[in-house]
Amino acid sequence: MGQISACIFDLDGVVVDTAKYHYQAWKRLGKELNFDFSEDDNERLKGVSRMDSLNILLEIGNITLSEEDKLAYADKKNIWYKEFVMKMTPDEILPGVLDFFKELKDAGYKIALGSASKNAVAILEKLEIIDWFDVIIDGTKTKKAKPDPEVFLLGAKGLNIDPANCVVFEDAEAGVEAALNAEMYCVGIGSPKNLGKAHKVMPGLLNMNIEKLTF
Ligand code: BG6
Ligand code: MG
């Protein structure tokens, strides 16, 4: 096993539960387009980019739109989503995250963000945790979506650490695949049912510690 020296965290679903806000905003868009978007449908959007999420939503609603209209609807959804983001507070940081960050930093590990979201910086600022990150790779810096390894490889490059010495924390199946494609260790955050390919699966970061970073 490589010596772990950096942890790369996905944001949505690992550090904070934003899925409920994405859901409200997509549901509102569905309503405007005259169809219902269920919480079950929302599961399909975890880890998926904004435009790919819109395409899934439109497929569920059986709606065809021009590329121009799609961009306008994606913008509209994002405006609604940002209304929730702007109201976020540090109380929403998921249990265990801050303790783990502190332990990592005290022990000299590097921390990076590897997220598909173009709202990542705004969210980290609202949560008041942006300063914990040595490197931030988000949807504004990547060209290829997870499961492509780009986001995590850019993270390792920014940290100047070999991918083999990085661990990724991910809650989405495509994110776990992206980590494995980057030849990194991966801790799946959620259920082994859909994250079984990860090296380890944990329900959340509560009680996560450096000792558990053995693979
Ligand atoms: C991912 C979320 O982290 O970011 C997805 O899991 C979301 O649900 C994607 O669609 C893109 O986010 P944003 O904030 O750029 O619309
Ligand atoms: Mg996620």
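See the structure above.
This write-up is about the structure you can find in this document.

Conventions we followed
Residues numbered from 1 in each chain as written. Chains lettered and ligands numbered in written order. Predicted model: local features only at pLDDT ≥ 70, side-chain atom pairs only at ≥ 80, totals over all residues. Heavy atoms only, no water. Axes fitted to C-alpha atoms, helices over the stretch in contact; angles between N-to-C directions. Helix = DSSP H or I, 4+ residues; strand = E, 2+ residues; numbered from the N terminus. Parallel < 35°, antiparallel > 145°, perpendicular 65-115°, else oblique. Left-handed = near helix turned anticlockwise from the far one by under 90°. Contact = heavy atoms within 4.5 Å. Nonpolar A, V, L, I, M, F, W, Y, C, P; charged D, E, K, R; others polar. Salt bridge = Lys/Arg side-chain N within 4 Å of Asp/Glu carboxyl O. Buried < 20%, exposed > 50% of the residue type's maximum accessible area, 1.4 Å probe, protein only. Donors = N, O, S within 2.8 Å, 3.2 Å for Na, K, Ca; no water.

The contact between helix H4 (residues 67-86) and helix H6 (residues 120-127) brings their axes to 10 Å, and the two run at 20 degrees. Classified by the angle their axes make, H4 and H6 are roughly parallel. In the packing of H4 onto H6, the handedness of the crossing is left-handed. Between H4 and H6, the contacting residues are Tyr81, Val85 and Met86 on the first element and Ala122, Ile123 and Lys126 on the second. Within the contact of H4 with H6, the residues separate by chemical class into five nonpolar, no polar and one charged.

What follows is about the pattern of salt bridges. Counted under the stated rule, the structure contains 11 salt bridges. When the shortest N-O distance is used, the salt bridge between glutamate 83 and arginine 28 registers 3.9 Å. Taken together, the residues span a long stretch of sequence, with glutamate 83 in helix H4 and arginine 28 in helix H1 (residues 19-32) at a distance of 55 residues. The exposure class of glutamate 83 is partly exposed, given its relative accessible area of 41%. With a closest N to O distance of 3.1 Å, glutamate 43 and lysine 46 form a salt bridge. Its relative accessible area of 33% is what places lysine 46 among the partly exposed residues. Here the salt bridges do not stand alone but share partners, grouping Asp10, Lys146 and Glu170 into one network.

The next thing to look at is the coordination of the magnesium ion (ligand 2). Coordination of the magnesium ion (ligand 2) by the protein is provided by Asp10 (OD), Asp12 (O) and Asp171 (OD), with metal-donor distances spanning 2.0 to 2.1 Å. Each donor residue of the magnesium ion (ligand 2) lies on one chain, and together they are spaced D-x1-D-x158-D. Like aspartate 12, aspartate 10 is buried.

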